[in-house]
Amino acid sequence: MGSPSPPGNVVTALLALELLGANPRVVFGFEGVGPARLAFERGELNLDFQATIVYASQVLPLVREGKAVPLMTLGYINEQGEIVRDPAVPDLPTVYEVYQQIHGRKPDGLLRWKAYRATVAAAWVYGRGLWVQEGTPPEILKPLHEAIDRMNRDREFQEQAKKLLEGYALIRGDRVEQHVHRGLRVTLDVTKFIRNLMLEKYGQTI
Amino acid sequence: MLDAALTALAIFADPARLALLLAGVLAGLVVGILPGMGGIVAVSLVLPYIYRLDAIAAAAVLTGALAVVHTSDTITSVLIGAPGSAASATSVIEGHQLAKQGQAARALSAAFLSSLIGGLIGALGLTLSIPIARPLVLALGAPELFMLTALGVSFAGSLLGKETRKGLLAGLVGLLLGMIGPSPAAAQVRFDFGRLYLMDGVPLVVVALGIFGIAEVIGLLSRGGAIAQRVELGRGWMQGIRDVWQHRWLVLRGALIGVWAGILPALGATAGTWMAYGHVVATSKDRSRFGKGDIRGIIAPEAANNAVAAGDLIPTLLFWVPGSASAALLVGSLLRYGILPGPRIMTEHLDLIYVIIWSYAIANVVGAGICFAISPGLAKVTHVPFVRIAAPVLITIALGAYQTTQDMGDLLALFLMGLLGWVMSRTGWPRAPLLIGFVLAGPMERYFVQTTGIYNQGEWIYRPGVLIIGAVLVAPFVWGLVSWVRRRREARAETAPAGQRSAIDLVFSAVMFAVFAGALVQIQRFVPGARLMPLVIAVPGVVLAAFQLFRSWQGRSLAGDEGPPAAGELRSGLMGFLALGGFFLLIWVAGFHVAAVALMLLFSLALARMRFVPAIVYTAAIVAALTGMGMLLSIHWPVGILRGAP
């Protein structure tokens, strides 16, 4: 598998593999995940990790040709704060499901699971949000929240979103606030675990 | 396919669209002329205006701006010797030499025509390679790409300049300079000496402007007079066109190299231009004129740098792996219209692809035409006493360098690079390999780390592509060794006369040795992932530098073509650097405008001996023009610590 250095968002993939008990040989020194994908297409690498928007435009044609086999997704955190299948690729199992298939039990409570989940929430699901200053009055927040509902219902937006956002709907901040807080609260043992793993197994400081 | 191409052409029948394309071209031309500013500035300049346009018009404006930057950057390179962008530094080497011989018109017309044809070949190449691009891009793996970068540096080092030893050393210095900053494979910052500025590496623009621009300006000043001693009017234009016709196959080869450098990920315009230059030198029978104004050294690189931008679009649009920062900006703006790069773009947005290709072709024709039209006037600059234009040139170079990170470190690095470039040019060290090494250092290390990471212990060496490139790489050395042995046998009796020992060359060789040795010591503390490449550079560097030091001590290190510099010239050169240092210091303390006024007045009153009133008017006009231009391009001004800058 290829990764830029420092690994950035690829940390999540490395943690997922760690959770499952895999020991990938990771080559650092790629400029980004794009060049790593090219190396995968050339056959130099045999494991790859891409965001869904790139998966749809670049990897899906390879899958159809039989040159790539999709394994799993990180999963998507819904409004109830649960990790569910990714709405953009509902056919693929999540890391959570794959763990259950392999080990026959749920990973909840494991330190490795907590580490993985923390980065999914921070880097992927809640990492792309619009934020306003603390203490913004509710009369300003309310129309913003309502606008999100209206946009999600809007036909034209749905059409465009299908192409550019891979069909993810916008999430209202007030509905998921608690989950965001919980998801972003990371205990010291988790950060220590991630740091140690990256340093000792991959020689990377983050 | 043809159908789509014609439909796309019909789009330009709309005068509004054509006008937009022209606006993009004009922006690209202006940015190209300004020293050190290239494609990124051009795209960022037009970016704010495209949001009200539709996708087609936006693509036309952006492509127009990108396409011509490498046409007009030649003007600055040839006339003043300051590279208009990093990719046109080759034209400083050959074109500026021609300008000094009074042949600026010939150099420019050959360059514009090659740029034009190169751009058109690039557009055609882009069209033809779209269906076959995928296998092409995927054919070369990390080991082959690593070997290609190594080939680039080694060719440059062994072919440019009189002595292979000095050329290779210069190339290694460039590679070592490129190692400064974050390691691409391990989280470690190298050779930063605790300076925040160095943590991100030295910017390419600063290196190119220093090594060539500053060094050239100081060199001209210390020699005195105008750039061209001899004046040749009129005929030069036709001569340039005849030159291009005579070397028409060279134009084609240069353009093809450019397209390829664009297609291969992570090489980019600057590397493509230099590879074309290296190719010309390598394949020419008579190499004696290179570095002294050889028209072939202009034609191929100029064709290449315009073609690169076309090749660049292939990885950008088909693979979503932008080949350059400006291409990445282009993709970013297309995303806004819901256009995603990828194989689908060929079926869903074929019209847009052809709009881009046509824009590219039209922009190249129009851009070259405009350059032809304005250059006769600009070429007269070479006959003006140089002290009169030196100040505005230095000011724009400083401003161009400062745009890269907006840190005073830019100016300090520019000063040091200028000093390095000047010493090198005075002591017969070729500067081109240094810049090539610097440009290729990044991709070379990436591909090396990937190669050693992906393949087991050296098995990559036996890949056929690697073996072929390796053979091409060592061929010049084997050939050199054979002819050396043969010469030695023939002329055993005559011992080569020991030349004069040159103090400045000796000191410089010693510094070179110290730098490599110091780097070796530093490397010991790096983590394994960050250590590999610097080690591969520093070990041969130390050996070669020791040998060079020995030769220089013997007095057998050849000086430049102009012989060892006279003491008076050295003194005035050092005075020039003193004035430059003062100028940068004043920028740091009192801000840009105060320093610019001071430098203008110093040069026009004290050096050019202008009278008081014209000097004031000249100063006011230049500063006002710069300020106006700065507002248009939203340039960052150094404000100086007196006004609260950090």
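Per chain, residue numbering runs from 1 following the sequence as it is written. Lettering for chains starts from A, numbering for ligands starts from 1, and both go in the order in which the items are written. pLDDT decides what is reported in this predicted model: residues at 70 or higher carry local features, side-chain atom pairs at 80 or more are listed and counted, and totals for whole chains, interfaces and linings draw on all residues regardless. No hydrogens and no water enter the side-chain calculation; it runs on all heavy atoms of the structure.

1. Here's the deal with the overall build of chain B
When you go through chain B residue by residue, the secondary structure sums to 26 helices and two strands. At 24 Å, chain B has a C-alpha radius of gyration in line with the 26 Å of a compact globule built from 646 residues. Dimensions along the principal axes, computed over C-alpha positions, put chain B at roughly 75 × 75 × 55 Å. Burial analysis of chain B (646 residues in total) assigns 58% to the buried set. Any two residues having at least one pair of non-hydrogen atoms within 4.5 Å are treated as being in contact. Sequence-distant contacts in chain B: of pairs separated by 6 or more residues, those separated by 24 or more amount to 80%. Computed over 43 positive and 28 negative side-chain charges, the inter-centroid distance for chain B is 8 Å. Here a strand is any run of E in DSSP of at least two residues, a helix any run of H or I of at least four, and the numbering for each starts at the N terminus. Radius of gyration here is computed from C-alpha atoms only, and the compact-globule reference equals 2.2 Å multiplied by the residue count raised to the power 0.38. Summary of the burial criterion: residues with accessible area below 20% of their type's maximum are buried, those above 50% are exposed, and those between are partly exposed, where the area comes from a 1.4 Å probe applied to protein chains only. By the counting scheme adopted, Arg and Lys are positive, Glu and Asp are negative, and His together with the chain ends is not counted. Just so you know, the charge point we use is NZ for Lys, CZ for Arg, CG for Asp and CD for Glu.

2. Observations concerning the overall build of chain A
When its secondary structure is counted, chain A shows nine helices and four strands. Secondary structure of chain A in N-to-C order comes out as β-α-β-α-α-β-β-α-α-α-α-α-α. Taking 206 residues into account, the globule formula puts the C-alpha radius of gyration at 17 Å, and chain A, at 18 Å, falls close to it. Reported as C-alpha extents along the three principal axes, the dimensions of chain A are approximately 55 × 45 × 35 Å.

3. A few points about the side chain of B:Glu94
Residue and element names in this part refer to chain B. With respect to the helices, strands and loops of the structure, Glu 94 is situated in helix 5 (residues 89-100). Side-chain atoms alone can form a polar contact between residues adjacent in sequence; in general such a contact is a pair of N or O atoms within 3.5 Å, and within protein one must be able to donate a hydrogen while the other accepts it. A distance of 2.5 Å separates polar atoms of two side chains, one belonging to Glu 94 and the other to Tyr 277. Look past the residues within four positions of Glu 94 in its chain and what remains in contact with it is Tyr 277, Arg 289, Phe 290, Gly 291, Lys 292, Gly 293, Asp 294, Gly 297 and Ile 298.

4. Digging into the interface of chain B and chain A
Residue-level contacts link 32 residues of chain B with 26 residues of chain A. Buried surface area refers to the total accessible area, computed with a probe of radius 1.4 Å, that the two partners give up upon joining, counted for both partners together. Interface area, chain B with chain A, both sides summed: about 2400 Å², of which 54% is carbon and sulfur. In what follows, salt bridge is the name for a side-chain nitrogen of Lys or Arg lying within 4 Å of a carboxyl oxygen of Asp or Glu. At the boundary of chain B and chain A, one finds zero salt bridges. Between the two partners, chain B and chain A, sit 12 residue pairs in polar contact (both at pLDDT 80 or more). For the side of chain B that touches chain A, the secondary-structure elements that each account for two or more residues are helix 7 (133-139), helix 8 (142-159), helix 14 (296-319) and helix 20 (432-454) of chain B.

5. Considering the domain arrangement of chain B
Residue and element names in this part refer to chain B. An automatic or database domain assignment supplies the residue ranges for each domain. What the domain assignment lists for chain B is domain 1 (2-47 + 63-382 + 431-493) and domain 2 (574-643). Taken over C-alpha atoms, the centre of domain 1 sits 32 Å from the centre of domain 2. Surface buried jointly by domain 1 and domain 2 totals about 660 Å² across both partners, of which 96% is contributed by carbon and sulfur atoms. Of all residues in domain 1, Leu 45, Ile 214 and Ile 218 give up the largest surface area on contact with domain 2, accounting jointly for 52% of the area buried on that side. In this assembly, domain 1 and domain 2 are joined by zero residue pairs in polar contact (both at pLDDT 80 or more). Going through the elements one at a time, helix 2 (15-33) and helix 10 (204-223) are the ones with two or more residues in the side of domain 1 that touches domain 2. Tallying contributions element by element places helix 10 first for the side of domain 1 that touches domain 2, with three residues. Here the side of domain 1 that touches domain 2 is composed, by residue class, of eight nonpolar, no polar and no charged. When residues are grouped by polarity, Ala, Val, Leu, Ile, Met, Phe, Trp, Tyr, Cys and Pro land in nonpolar, Asp, Glu, Lys and Arg in charged, and all others, Gly among them, in polar.

6. Section: the packing of helix 5 of chain B against helix 10 of chain B
All names here are of chain B. All axes here are fitted lines through C-alpha atoms, helices being fitted over the stretch that makes contact, and every angle between N-to-C directions spans 0 to 180 degrees. Relative orientation of the contacting elements helix 5 and helix 10 amounts to 20 degrees, with a least axis distance of 11 Å. Here helix 5 lies roughly parallel to helix 10, going by the angle between them. For helix 5 against helix 10, the interelement crossing comes out right-handed. Residues Ala 89, Val 92, Ile 93, His 96 and Lys 100 of helix 5 lie in contact with helix 10, whose contacting residues are Phe 212, Glu 216, Leu 220 and Arg 223. For the contact of helix 5 with helix 10, the residue count by class is five nonpolar, one polar and three charged. For classification purposes, angles smaller than 35 degrees are called roughly parallel, those larger than 145 roughly antiparallel, those between 65 and 115 roughly perpendicular, and all remaining angles oblique. Should the near helix be turned anticlockwise from the far one by less than a right angle, the crossing is termed left-handed; should it be turned clockwise, right-handed.

7. A few points about the confidence of the model for chain B
Residues and elements named next belong to chain B. On average, residues of chain B carry a pLDDT of 83, and 93% of them reach 70 or more. Model confidence for chain B, summarised as mean pLDDT per element, is weakest for helix 16 (residues 345-348) at 76 and strongest for helix 19 (residues 408-426) at 91. How sure the predictor is of each residue is captured by pLDDT, a score from 0 to 100. Counting interchain partners and residues more than four positions distant, the pLDDT-below-50 stretch residues 493-498 has four contacts. As a predicted assembly, this complex carries a pTM of 0.84 together with an ipTM value of 0.81.

8. Some remarks on unusual backbone geometry
Residue and element names in this part refer to chain B. For Gln 406, which is not a glycine, the phi torsion comes out positive at approximately 55 degrees. Structurally, the position occupied by Gln 406 is in the loop between helix 18 (386-402) and helix 19. The class for Gln 406 is partly exposed, based on a relative accessible area of 34%.

9. Looking at a nonpolar patch on the surface
Residue and element names in this part refer to chain B. Candidates for patches are residues over 30% relative accessible area with no salt bridge; among them, like charges are joined within 9 Å and nonpolar side chains (Val, Leu, Ile, Met, Phe, Trp, Tyr) within 5 Å. All accessible-area figures derive from a Shrake-Rupley calculation using a 1.4 Å probe, and residue coverage is judged against the displayed protein chains alone. Where nonpolar side chains cluster on the molecular surface, the patch consists of Val 474, Phe 477, Val 478, Trp 479 and Val 482 and spans about 460 Å² of accessible area. Structurally, Trp 479 is set in helix 21 (residues 464-490). On the basis of relative accessibility, which here comes to 60%, the residue Trp 479 falls in the exposed class.

10. Some points on the nonpolar core
Residues and elements named next belong to chain B. For our purposes a nonpolar core is just a set of buried Ala, Val, Leu, Ile, Met, Phe, Trp, Tyr and Cys residues, chained together by side-chain atoms within 4.5 Å. Of all hydrophobic cores here, the largest spans 218 residues; its most connected members are Trp 274, Leu 414, Phe 516, Phe 583 and Phe 584. At 16 residues, the largest contribution of residues to this core is made by helix 4 (residues 55-80). Residue assignment places this core across two domains, with domain 1 (2-47 + 63-382 + 431-493) and domain 2 (574-643) each supplying three or more.

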